[in-house]
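Coordinates in review
Below, each chain spelled out in residue letters.
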Amino acid sequence: MDEQPTSVSYTIVEGVVSIVLDRPAASNALNLAMKRELLEALSTARTDHGVRAVAITANGKNFCVGQDLGEHVASLGADPAHAMDTVREHYNPIVLALNGIEVPVVVGITGACVGAGLGLALAADIRIAGERAKFGTAFTGIGLAADSGLSATLARLVGMGRAKSLFLLGDTFDAARAEQWGLVHRVVADADVATVTAETAATLATGPTRAYRAVKQLLDANVDAPLADVLDREAEAQRRLGASEDHRSAVEAFLHKRKPVFHGR
């Protein structure tokens, strides 16, 4: 029996994991098989101690248009009371797995990035966008609210007022506006997105991964925390990192005007 084609690929080279969404004919809409494969890929990256950075890109013109609506309509027809179970069963675990990756995660975005696709992108750490990328929430246009963590991540990045208007009015916005609002780190030519994403991840993979891990944990824990708790967590992180081999060797390299080499120890 022939094997079914996969819709998510996973490779690792020199500590950099490359995860590629691969349903280009469907604009990388998330059907059941793709959601399962994506969760497996993210879970593998999360638990593999050899991973130092993750790059997520997509084949085709569009990054991800969210839920596969054809499959969703079939689910509504077959069992409307449970059609939205996919949020708890698939989307929530995907976002938790992505958020739980302790090393830097870079996403490269071309074309449409809407709905759960936008939620996936905003759950990463760094976003590289093609110049013709288009973003949108899309949920209220089909009578839904939000999932994939988007009601929190979008508001944190662009502010509550702008997030409300993007959900309620359903306006789309381009890459230049996304960069202006701080949603993306950099805008490049569409043809360069995959390369720049891979290069950014490779650069991060040679960096102080213990420090990156601590920074991610501090930002997640401290975004709405009382100042005293923020200061305590920062002090503890600096205590741990100050005793690391990476810190000692980097300070010595600085004093001797050498480029530091980090090993994650």
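That block above? That's the structure.
Source: prediction; values computed, not measured. (Residues numbered from 1 in each chain as written. Predicted model: local features only at pLDDT ≥ 70, side-chain atom pairs only at ≥ 80, totals over all residues. Heavy atoms only, no water.)

**Focus on the packing of helix α1 (residues 32-47) against helix α3 (residues 85-99)**
In plain terms, the rule: Between the N-to-C directions of two axes lies an angle of 0 to 180 degrees, each axis being a line fitted to C-alpha atoms and, for a helix, fitted only over the stretch in contact. Under the DSSP-based scheme used, a helix requires at least four consecutive residues in state H or I and a strand at least two consecutive residues in state E, with every element numbered from the N terminus. An angle below 35 degrees is treated as roughly parallel, one above 145 as roughly antiparallel, one from 65 to 115 as roughly perpendicular, and anything else as oblique. Note on convention: near helix rotated counterclockwise from far helix by under a right angle means a left-handed crossing. Clockwise means right-handed. Here, residues are in contact when the closest pair of their heavy atoms is within 4.5 Å. Throughout, the ten residues Ala, Val, Leu, Ile, Met, Phe, Trp, Tyr, Cys and Pro are labelled nonpolar, Asp, Glu, Lys and Arg are labelled charged, and all others, Gly among them, are labelled polar.
At a minimum axis distance of 9 Å, the contact between α1 and α3 shows a crossing angle of 30°. One way to sum up the angle between α1 and α3 is to call them roughly parallel. Two packed elements cross with a definite hand, and for α1 against α3 that hand is left-handed. Along the contact surface, α1 presents Leu32, Lys35, Arg36, Leu38, Leu39, Leu42, Ser43 and Arg46, while α3 presents Thr86, His90, Tyr91, Pro93, Ile94, Leu96, Ala97 and Leu98. Class assignment for the residues of the contact of α1 with α3 results in 10 nonpolar, three polar and three charged.

**Overview of the nonpolar core**
Worth spelling out the cut-off: Among buried residues, the Ala, Val, Leu, Ile, Met, Phe, Trp, Tyr and Cys ones that are joined through side-chain atoms within 4.5 Å form a nonpolar core. Any residue under 20% of the maximum accessible area for its type is buried, any over 50% is exposed, and the rest in between are partly exposed; the area is computed with a 1.4 Å probe on protein chains only.
In terms of nonpolar packing, the biggest core is built from 51 residues, with Val54, Phe63 and Phe135 touching the most fellow members. Not counting residues within four places of it along the chain, the set of residues in contact with Val54 comprises Val17, Ile19, Ala45, Ile101, Val103, Pro104, Val105, Val106 and Ala201.

**Section: the sheet that holds strand β4 (residues 105-109)**
For clarity, the threshold we go by: Any two strands are treated as partners once DSSP identifies two or more bridges connecting them.
Read across the sheet, six strands follow the order β1-β2-β3-β4-β6-β9 without closing on themselves; strand pairing throughout is mixed. Sheet topology places β1 (8-13) and β9 (186-188) at the edges, where each strand pairs with a single neighbour. Adjacent strand axes in the sheet meet at a mean angle of 20° when their direction is disregarded. As defined by bridge partners, β1 adjoins strand β2 (residues 16-21) across six bridges and the pair is classed as antiparallel. The residue of β2 that forms the bridge with Ser9 is Val20. Against the sheet, α1 touches β1, β2 and β3 (53-58), its axis set at about 15° to β1. Taken strand by strand, helix α8 (residues 193-205) contacts β2, β3, β4, β6 (126-130) and β9, and its axis lies near 170° from that of β3.

**Remarks on the environment of Ser75**
Structurally, Ser75 can be placed in helix α2 (residues 69-78). Ignoring sequence-local partners within four residues, the contact set of Ser75 consists of Pro80 and Ala83.

**Describing α3**
Rules: Expected helix span is taken as 1.5 Å per residue step, with the number of steps being one fewer than the number of residues. By definition, a residue's bend is the angle between the axes fitted to the seven residues ending there and the seven starting there.
In a regular helix each residue adds 1.5 Å, so 15 residues correspond to 21 Å; α3 covers 21 Å between its end C-alpha atoms and thus fits that length. Largest kink in α3: about 30°, centred on Tyr91, with the proline Pro93 one to four residues after it. Packing partners of the buried residues in α3 comprise α1, β3, β4 and α4 (116-122).

**Topic: the layout of surface pockets**
Space left empty within the atom packing is revealed by a probe, the size of a water molecule, rolled over the atoms. We apply this condition: Cavities and pockets are found on a 1 Å grid laid over the protein atoms alone: a cavity is a set of points where a 1.4 Å probe fits but cannot escape, a pocket is an open set with protein on both sides within 12 Å along at least five of seven lines, and a lining residue has an atom within 4 Å of such a point. Grid points are joined across faces, edges and corners, and a volume is the space filled by probe spheres set on the points. What counts as a domain boundary in this text is fixed by an automatic or database domain assignment.
For the largest pocket, the calculated volume is near 730 Å³. In terms of lining residues, the largest pocket is bounded by 23 residues, among which Asn99, Ala124, Asp125, Leu219 and Asp220 are the most central. Among the secondary structure elements, those contributing two or more residues to the lining of the largest pocket are α3, β6, α5 (150-158) and α9 (209-222). Looking at the lining of the largest pocket element by element, the count peaks at five residues for α9. Its residues assigned to classes, the lining of the largest pocket comprises 14 nonpolar, four polar and five charged. Looking at which domains feed residues into the lining of the largest pocket, each of domain 1 (8-206) and domain 2 (209-256) gives three or more. There is about 410 Å³ of room inside the second largest pocket. Taken together, 22 residues make up the lining of the second largest pocket; nearest its centre are Thr57, Val193, Ala194, Thr197 and Ala198. Of all the secondary-structure elements, those providing two or more residues to the lining of the second largest pocket are β1, β2, β3 and α8. Of the residues in the lining of the second largest pocket, the class split is nine nonpolar, nine polar and four charged.

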